[in-house]
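# Structural overview for review
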Amino acid sequence: MHNITLINGDGIGPEISEAVVRIIEASGLKINWDLQTAGEDVIEKEGTPLPQRVLESIRKNKVALKAPVTTPIGKGFRSVNVQLRKELDLYANLRPCKNLPNVKTRFNNVDIVVVRENTEDLYAGIERQVDENAAESIKIITRKATERICRFAFDYALKNGRKEVCVVTKANIMKLSDGLFLNTYREVAKDYPQIKQREILVDNLCMQLVQKPEQFDVLVLPNLYGDVVSDLCAGLIGGLGVAQGANIGENCAVFEPVHGSAPDIKGQNKANPTALLLSAIEMLNYIEEKAYADKIEKALFAALKSGKCTVDLGGNLGTKEFADEIIKNLHQA
Ligand code: NAI
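Residues numbered from 1 in each chain as written. Predicted model: local features only at pLDDT ≥ 70, side-chain atom pairs only at ≥ 80, totals over all residues. Heavy atoms only, no water.

### What about the sheet that holds strand β2 (residues 31-35)?
Using the following cut-off: Here, strands pair whenever DSSP counts at least two bridges between them. In DSSP terms, a helix is any run of H or I states spanning at least four residues, a strand is any run of E spanning at least two, and both are numbered starting from the N terminus. Every axis corresponds to a line fitted to the C-alpha atoms, with the helix fit spanning only the stretch in contact, and the corresponding angles, defined between N-to-C directions, vary from 0 to 180 degrees. Contacts are assigned to residue pairs that have any heavy atoms within 4.5 Å of one another.
Taken together, 10 strands build an open sheet; the order of strands is β2-β1-β3-β12-β11-β4-β5-β10-β8-β9 and the sheet is mixed. For this open sheet the edge positions go to β2 and β9 (196-201), each flanked by a neighbour on one side alone. On average, adjacent strands in this sheet sit at an angle of 25 degrees to one another, irrespective of strand direction. Packing of helix α1 (residues 13-27) onto the sheet brings it into contact with β1 (2-7), β2 and β3 (63-66), and relative to β2 it is tilted by some 165 degrees. Helix α8 (residues 223-236) rests against β4 (92-98), β5 (111-117), β8 (164-169) and β10 (218-221) of the sheet, and its axis sits at about 155 degrees to β5.

### A few points about the state of the cysteines
Put simply, the rule reads: Defined by distance alone, a disulfide is two cysteine sulfur atoms within 2.5 Å. Think of it in three bands: with a 1.4 Å probe and only protein chains considered, a residue is buried below 20% of the maximum accessible area for its type, exposed above 50%, and partly exposed in between.
Evaluated as defined, the whole model comprises 0 disulfides. Cys166 forms no disulfide, and the closest cysteine sulfur to it belongs to Cys233, at a distance of 11 Å. The class for Cys166 is buried, based on a relative accessible area of 1%.

### Let's talk about the pattern of salt bridges
The condition that has to hold: We count a salt bridge whenever a side-chain nitrogen from Lys or Arg sits within 4 Å of a carboxyl oxygen from Asp or Glu.
One pass over the full model with this rule turns up 21 salt bridges. Residues Asp121 and Lys139 are paired through a salt bridge, measuring 3.3 Å at the closest nitrogen-oxygen approach. You can see Asp121 sitting in the loop between β5 and β6 (127-131) and its partner Lys139 sitting in the loop between β7 (134-137) and α5 (143-159), a full 18 residues away along the chain. Taken as a pair, Asp121 and Lys139 share a single burial class, namely buried. With a closest N to O distance of 2.8 Å, Arg128 and Glu136 form a salt bridge. For Arg128, a relative accessible area of 47% corresponds to the partly exposed category.

### Structural notes on the site of the ligand
How we decide: The criterion for a residue being near a molecule or strand is simple. One of its heavy atoms has to lie within 4 Å of it. Distance and chemistry together define a polar contact, namely a pair of N or O atoms within 3.5 Å, with one atom able to donate a hydrogen and the other to accept it when in protein, and with adjacent residues in sequence counting only for side-chain atoms on both sides. Note on areas: Shrake-Rupley, 1.4 Å probe, and residue coverage restricted to the protein chains presented here.
Lining the immediate surroundings of the ligand are 19 residues, of which Val69, Gly260, Ala262, Asp264 and Asn272 lie closest. Within the contact set of the ligand, an oxygen atom lies 3.0 Å away from a backbone nitrogen or oxygen of Thr71. Taking Ser261, its main chain carries an N or O atom lying 3.0 Å from an oxygen atom of the ligand. Contact with the protein chains covers 67% of the free accessible surface of the ligand, which is 810 Å².

### What about the domain arrangement of the protein chain?
For the record, the criterion: All domain edges in this entry derive from an automatic or database-based domain assignment. By definition, the buried area sums, over both parts, the 1.4 Å-probe accessible area that each loses when the two are put together. Amino acids outside the nonpolar list (Ala, Val, Leu, Ile, Met, Phe, Trp, Tyr, Cys, Pro) and the charged list (Asp, Glu, Lys, Arg) are all regarded as polar, and Gly is one of them.
Here the protein chain is described as being made up of domain 1 (1-99 + 237-333) and domain 2 (119-219). When each unit is reduced to the centre of its C-alpha atoms, the spacing between domain 1 and domain 2 is 27 Å. Between domain 1 and domain 2, the contact holds 11 residues from the first and 6 residues from the second. Carbon and sulfur atoms make up 57% of the area that domain 1 and domain 2 hide from each other, which totals about 810 Å². Where domain 1 touches domain 2, the interface holds 2 salt bridges. Here Arg148 ties to Asp89 by a salt bridge, and the two come within 3.1 Å at their closest N and O atoms. The interface formed by domain 1 and domain 2 includes 2 residue pairs in polar contact (both at pLDDT 80 or more). Of all the secondary structure elements, the ones that give two or more residues to the side of domain 1 that touches domain 2 are β4 and α9 (274-286). Of the residues belonging to the side of domain 1 that touches domain 2, the class tally is 6 nonpolar, 1 polar and 4 charged.

Set out below in structure tokens:
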């Protein structure tokens, strides 16, 4: 039995969480969900969108599945997502982007995993106003953080049967900072002779991604390029409703969809649970329950193939009915 923290979020969060928990239960895998509310709905009672109990639960269970939470605008609260990453030192942002059956996109055969460094680069937040007409931000790249993200990317490649890890920089211009990222990658790569190496500049990568994305396998990038490129890759496979993600650290991992809490369709049984379900499937791989992960993926793909899905993907089912369809496929397997 696995103990897993479930943050069911707000907006469409509770609806898609319920659907995903039902699907996992129907697969036969036993999970003891530790339900932790967070986000807008808990602020009034607990004074913060991310109470300590949520962090304690994740530290204890080491793995969490998280639905989206609303970031209240102009109320002085930091984003729950940013806080989670900082408090738990979730240094690796993992975004597998793979074409799904029947989800129409410009390209077929996209199967890219974006590994983004989550803690430094221009996102370290070190900025200053030089004078009223100038501001500067400092780009931090350290050997330590680069080494652990590169090692993460190569280990992921090994564990998941991937062939290549490509490093993405602009080391031709930022010779010291991106140069350190690139050189550290080269050092780490020596420990993984089974995995092919590749180096590419970020501008060339973007052009190639929108022309021939099928040539890429695992990408490893500093924070800023990783942020931009991971959304580009989400676009290649059909956008928000199907983009999954995870933030992973030494001790804990949080699996979550890329999309937000979609307040515009909250409570209407319209939300597509696919991105949260794909995040959960990646989570099952992470906790070494690959057989269940594959079984659920097969049931999801069968539903998508038959067009029995939510409206945003061209079907005519609600959230609950889509989940029922996937469960039906699980029982037939
Ligand atoms: P959003 O992703 O919530 O919605 C953008 C559009 O996509 C909306 O039209 C929405 O209906 C649609 N959409 C999103 N997910 C969908 C799904 N699963 N099924 C069907 N349609 C879906 O982005 P928005 O509106 O910018 O953000 C809303 C709130 O979510 C904000 O408070 C934002 O801060 C928060 N947010 C939270 C994230 C997280 O918890 N990881 C990530 C991104 C945003």
